[in-house]
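# Structural overview for review
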Amino acid sequence: MNIMLFHSTFGLRPAVLHAADRLRAAGHEVWTPDLFEGRTFEAVEEGMEHKEKIGKEELLKRAVLAAAPYSERGLVYAGFSLGASIAQTLALGDDKARGLLLLHGTSDIAPDVTAEDLPVQLHVAEPDPFETDDWLSAWYLQMGRTGADVEVYRYAGAGHLYTDPDLPDYDEEAAEATWRVALGFLETL
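Residues numbered from 1 in each chain as written. Predicted model: local features only at pLDDT ≥ 70, side-chain atom pairs only at ≥ 80, totals over all residues. Heavy atoms only, no water.

Attention now moves to empty space enclosed by the protein. Using the criterion set out here, one finds one cavity of 30 Å³ or more in the structure. Lining the largest cavity, in full, are S8, G11, R13, A15, V16, F80, L161, T163 and D164. Of the residues in the lining of the largest cavity, the class split is four nonpolar, three polar and two charged. (1 Å grid on protein atoms, 1.4 Å probe; cavity = no way out; pocket = protein on both sides within 12 Å on 5 of 7 lines; lining within 4 Å. Points joined across faces, edges and corners; volume = space filled by probe spheres on them. Nonpolar A, V, L, I, M, F, W, Y, C, P; charged D, E, K, R; others polar.)

Shown next, in the form of structure tokens:
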């Protein structure tokens, strides 16, 4: 499978590169574009501030330019938190998308979007301050209306970015369960 993996607001940190290596070890080809052009952050607030300086349109432009050379192959779009929202936006706009793997994040869905039978898997903490229950319920219903085939996995007690071992949110048990399920999902595509 060809996977375009986008980083969170912390930037292209070691956890993203390790995730890409894990996916490669399972036989996938993986690209990890650096949308922050080398900048990484230790605090979410710093990353959010940097994201705001770049702007949503520029981030999406960078993501599209990173994915464009490979989209004809039929990409699985994946990402962490902010990267998941970017992956979702790209996947819903790419009729060749093979799947969407969302880790720790979602995004708005335009009312006229269709994604007939697009396999979508979301892994998120429960509770999650960035992905509230009300938001996730609305997101699930909207994604269902697109025609996507959606699976949601919640991890009680885990922190928002629980798959990153270098952050306080890290939860080893939830992270390993996420990777086990996510790798199984990718095998079905």
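Mapped onto this numbering, the UniProt entry annotates "domain: Dienelactone hydrolase" (unreviewed entry) at residues 3-188. Helix makes up 40% of residues 3-188 and strand makes up 18%, while its end C-alpha atoms are separated by 14 Å. (UniProt positions renumbered as here; feature names shortened; annotations may be inferred. Helix = DSSP H or I, 4+ residues; strand = E, 2+ residues; numbered from the N terminus.)

In this model, the largest pocket occupies a volume close to 530 Å³. Lining the largest pocket are 26 residues, and of these K51, S81, L82, S85 and T106 lie nearest its centre. Partitioning the lining of the largest pocket into residue classes produces 10 nonpolar, 11 polar and five charged.

Another aspect to go through is a negative patch on the surface. Together, E116, D117, D149 and E151 make up a region of like negative charge exposed at the surface. Note on D117: relative accessible area 58%, which makes it exposed. (Patch = residues over 30% accessible without salt bridge, like charges linked within 9 Å, V, L, I, M, F, W, Y side chains within 5 Å. Areas by Shrake-Rupley, 256 points an atom, 1.4 Å probe, with all protein chains shown as cover. Salt bridge = Lys/Arg side-chain N within 4 Å of Asp/Glu carboxyl O. Lys, Arg positive; Asp, Glu negative; His and termini not counted. Charge placed at Lys NZ, Arg CZ, Asp CG, Glu CD. Buried < 20%, exposed > 50% of the residue type's maximum accessible area, 1.4 Å probe, protein only.)

What follows covers the sheet that holds strand 4 (residues 99-103). Reading across from one edge, 2-1-3-4-5-6 is the order of the six strands in this open sheet, with parallel pairing throughout. Since the sheet does not close on itself, it has two edges, and those belong to strand 2 (29-31) and strand 6 (149-156), each with one partner. Geometrically, the sheet is characterised by an average inter-axis angle of 15° between neighbouring strands, direction not taken into account. Both strand 1 (residues 2-6) and strand 3 (residues 75-80) contribute to a ladder of five bridges, which runs parallel. Within strand 3, the residue paired with N2 across the bridge is L75. (Pairing = 2+ DSSP bridges. Axes fitted to C-alpha atoms, helices over the stretch in contact; angles between N-to-C directions.)

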